[in-house]
Amino acid sequence: MLNIALPKGRLGDQVYELLSTIGYDCKSIYEPNRKLIFENPENNVRYLLVKPSDVAIYVEHHAADVGIVGKDILLESRPDVYELLDLGLGKCRMCVAARNGYIEDKDRPLRVATKFVNIAKQYYAGQNRDIDIIKLNGSIELAPILGLSDVIVDIVESGNTIRENDLQILEEFLPISARFIANKTSFKFQNEIISRMTAKLAAAVKGDRSL
Amino acid sequence: MRLQTGTLRPEELATLKLRGVYEQYGYKKYRMGRFEEYSLYAKNQSFLASENIITFTDLDGKLLALKPDVTLSIIKNSKATRGTREKLYYIENVYRESKESHTYKEISQMGLEVMGDVDLYSVIEVLTLAERSLAQLSDHYLLEVSNMDFVTGLMEPMALNDDQKQIILDLIRAKNAFELRSEARRAGLSQRECDDLASLPTLYGKFPDTLKKAKRLVRNRTMERAVEDLEQIYHVMKSVGLAKKLQLDFSLLNDIDYYNGIIFQGYLEQLPRNVLAGGQYDGMVKKLGKDCGGIGFAIYLSEMSRVPLTPGDFDVEALVLYDADADLKELTAQIQALTKQGLRVRAERSVPPQLRAERIYRWEDGALKEAASAQNGEALAAGGKETC
């Protein structure tokens, strides 16, 4: 039985659609209930519905054998897992954004509000810029509007939230997408099953791209 | 007195048995104190898993640390040279950061080191002991082996700066073939070099097949020698029946500044991470100013606590209930007689809550009488079948 950590929400739905077309379906997932575990003994898979930011933790701790998680979370928490495939789903960009008309004062440390503390630190260390980090958990776009920070480091998809809050993108520095990860022990002891799933996913992703 | 090994956890039993095995191969026990000079770790931070170390100032003003590692101390104190060999094993507690709880943890670690003249036989002996150690912990294990010289040999002629090299090594470790290819292309490597690097994550499996695939990737003498060593090791391990759980995986990489040649990790099916890690670390030895080789491994015994044990049916075989009237001399004698039969006995004035007993004895008319006995293996518990 292969345990798959699926992120709750839109990405998880997209990934499940993909997996169900290549032989890993589990019809009970559509039942309207509050269950978090769905099993299909016929094709030997068990889906675990998990908070997106927790997928890597489940996989790293062997509670799930494989999982789907965004590259942003992988770069931020650096779990010790195998990263086997880029699913090309959930595409967005990691950006630096500020208020419209913002002018940087290079004479003092830059105040950066973000959910992604490690990613922000690494980005600015590479530029040798002195920064103060303010860690927030959501609605990061508010910070520069209220003067809590000069800029924000956050993921941007369509850019609507940025535009509607009178912000502008200063820099796009990292393309983000959903990745297929595996626990190292599971990869070694259940190698056939995981390799087969990876190969099928790779083919399906390539097929989608060529459409 | 017979040792009651039934209640020992697998890691406790393992330390008992493995001590014997290591001593049979001529390893001597190394004992070290809890404290070590902080400067030893400060100068060699990248050898350690984490830079967070518990430090304190001793009464004489020296800055000390609660040791996060044993290998560095063994190397520092070693008197081995190129012509001699020192073989040591240890069972020590180390103090490390737990990444999950962001607190310090005490970790029980068992391991061994060979310092001095390290040749192919030493490597095979250490691998043999690593396998036997894993087998002692569980039937469901595998020992993953690699030769760093294969990968460093492949990357040596490539025009990469240190940062690029680091990124590529991390991608190989994560088996991230697709990003490897794009990073290699971005660094300006040739098509063939990109293909070679991208094939490393797929170079794993049973020795014979993987070696065959690896041979096609050999581009220079260093890589050729690496494959030859691996082949020889495999043939010897196979001849002594230790090749069944052996696997080759070229994506296994340790820090290239410290490790060279053969490195390995041991996995148990039930545990999320490797329970054993080791390799040849000539680079580390040289850095500490000794002119010789070194190879060893460590077993993270604390990881074993994650393996659930099937709980026994009973906590004790005999629960003895006595009251204030009991003849103490007689009671003591009879309880001692029960223990001499090998039973676990508990004497109480009343039935303790949550105790699972196989039999209950009562002190009645000057003697112990069996009052109740477990049926069908179902333990007698407080508030259960027995009424006081």
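Residues numbered from 1 in each chain as written. Chains lettered and ligands numbered in written order. Predicted model: local features only at pLDDT ≥ 70, side-chain atom pairs only at ≥ 80, totals over all residues. Heavy atoms only, no water.

### Comments concerning the side chain of Lys175(B)
Step number 1: Structurally, Lys175(B) can be placed in the loop between α6 (162-173) and α7 (177-186).
Step number 2: Setting aside chain neighbours within four positions, we find Lys175(B) in contact with Tyr82(A), Glu83(A), Leu84(A), Phe187(A), Pro201(B), Tyr204(B), Asp249(B) and Ser251(B). (Helix = DSSP H or I, 4+ residues; strand = E, 2+ residues; numbered from the N terminus. Contact = heavy atoms within 4.5 Å.)

### Topic: the sheet that holds strand β2 (residues 37-40) of chain A
Residue and element names in this part refer to chain A.
Step number 1: Strand order in the open sheet made by the 6 strands is β2-β3-β1-β4-β11-β5, with mixed pairing throughout. With partners counted over all chains shown, the strands left at the sheet margins are β2 and β5 (82-86), one partner each. Strand-to-strand twist in this sheet, taken as the mean axis angle between neighbours without regard to direction, amounts to 25°.
Step number 2: As judged from the 4 bridges shared by β2 and strand β3 (residues 45-50), these two strands associate in the antiparallel manner. Residue pairing across strands places Phe38 opposite Tyr47, the latter belonging to β3.
Step number 3: Relative to the sheet, helix α1 (residues 10-21) contacts β1 (2-7), β3, β4 (66-70) and β11 (178-182), its axis offset from that of β1 by approximately 140°. (Pairing = 2+ DSSP bridges. Axes fitted to C-alpha atoms, helices over the stretch in contact; angles between N-to-C directions.)

### Remarks on the pattern of salt bridges
Step number 1: This model, assessed by the stated rule, comprises 36 salt bridges over all chains.
Step number 2: Here Asp25(A) and Lys27(A) are joined by a salt bridge, their closest N and O atoms 2.9 Å apart.
Step number 3: For Lys27(A), a relative accessible area of 60% corresponds to the exposed category.
Step number 4: Notably, a salt bridge pairs Lys175(B) with Asp249(B), separated by 3.1 Å at the nearest N-O pair. Taken as a pair, Lys175(B) in the loop between α6 and α7 and Asp249(B) in strand β9 (residues 246-249) lie far apart in primary sequence, 74 residues in all.
Step number 5: Residue Lys175(B) is classed as buried on the basis of its relative accessible area of 3%.
Step number 6: For Asp249(B), a relative accessible area of 2% gives the class buried.
Step number 7: Shared partners join several salt bridges into a network, and the residues in it are Lys71(A), Glu83(A), Asp86(A), Arg179(A) and Glu179(B). (Salt bridge = Lys/Arg side-chain N within 4 Å of Asp/Glu carboxyl O. Buried < 20%, exposed > 50% of the residue type's maximum accessible area, 1.4 Å probe, protein only.)

### Let's talk about the confidence of the model for chain B
All names here are of chain B.
Step number 1: On average, residues of chain B score 89 in pLDDT, and 95% of them reach the 70 mark or higher.
Step number 2: Within chain B, strand β7 (residues 141-147) carries the highest mean pLDDT (97), whereas strand β16 (residues 367-373) carries the lowest (81).
Step number 3: Below pLDDT 50 for its whole length, residues 383-388 participates in 8 contacts with residues either more than four positions away or in separate chains.
Step number 4: For this predicted complex, the interface score ipTM comes out at 0.87, alongside a pTM of 0.85. (pLDDT = per-residue confidence, 0-100.)

### Things to note about the pairing of strand β10 (residues 260-268) of chain B
For a regular strand, the rule is simple: side chains alternate between the two faces of the sheet.
All names here are of chain B.
Step number 1: Most of β10 sits inside the fold, with 8 of its 9 residues counted as buried.
Step number 2: Relative to β10, β7 runs antiparallel, the two sharing 7 bridges. Note on β10: the bridge partner recorded for Leu143 is Gly266.
Step number 3: Looking at chain direction, β10 and strand β11 (residues 276-280) are connected through 5 bridges and run antiparallel. Of the residues in β11, the one forming a bridge with Ile263 is Gly279.

### Here's the deal with the side chain of Asn176(B)
Step number 1: Mapped onto the secondary structure, Asn176(B) falls in the loop between α6 and α7.
Step number 2: A relative accessible area of 1% means that Asn176(B) is categorised as buried.
Step number 3: Setting aside anything within four residues of it in sequence, one finds Asn176(B) in contact with Lys71(A), Glu83(A) and Leu171(B).

### Topic: the packing of aromatic side chains
Residue and element names in this part refer to chain B.
Step number 1: What the rule picks out here adds up to 14 aromatic pairs over all chains.
Step number 2: Each ring, one from Phe35 and one from Phe56, has its centre 4.9 Å from the other, and the planes form 75°; the classification is edge-to-face. Taken as a pair, Phe35 in strand β2 (residues 35-37) and Phe56 in strand β3 (residues 55-57) lie far apart in primary sequence, 21 residues in all.
Step number 3: A residue is classified by how much of its surface remains accessible, and Phe56, at 27% relative accessible area, is partly exposed.
Step number 4: For the ring pair Tyr259 and Tyr281, a centre distance of 6.3 Å and an interplane angle of 85° mean the geometry is edge-to-face. (Phe/Tyr/Trp six-rings, centres within 6.5 Å; stacked < 30°, edge-to-face > 60°.)

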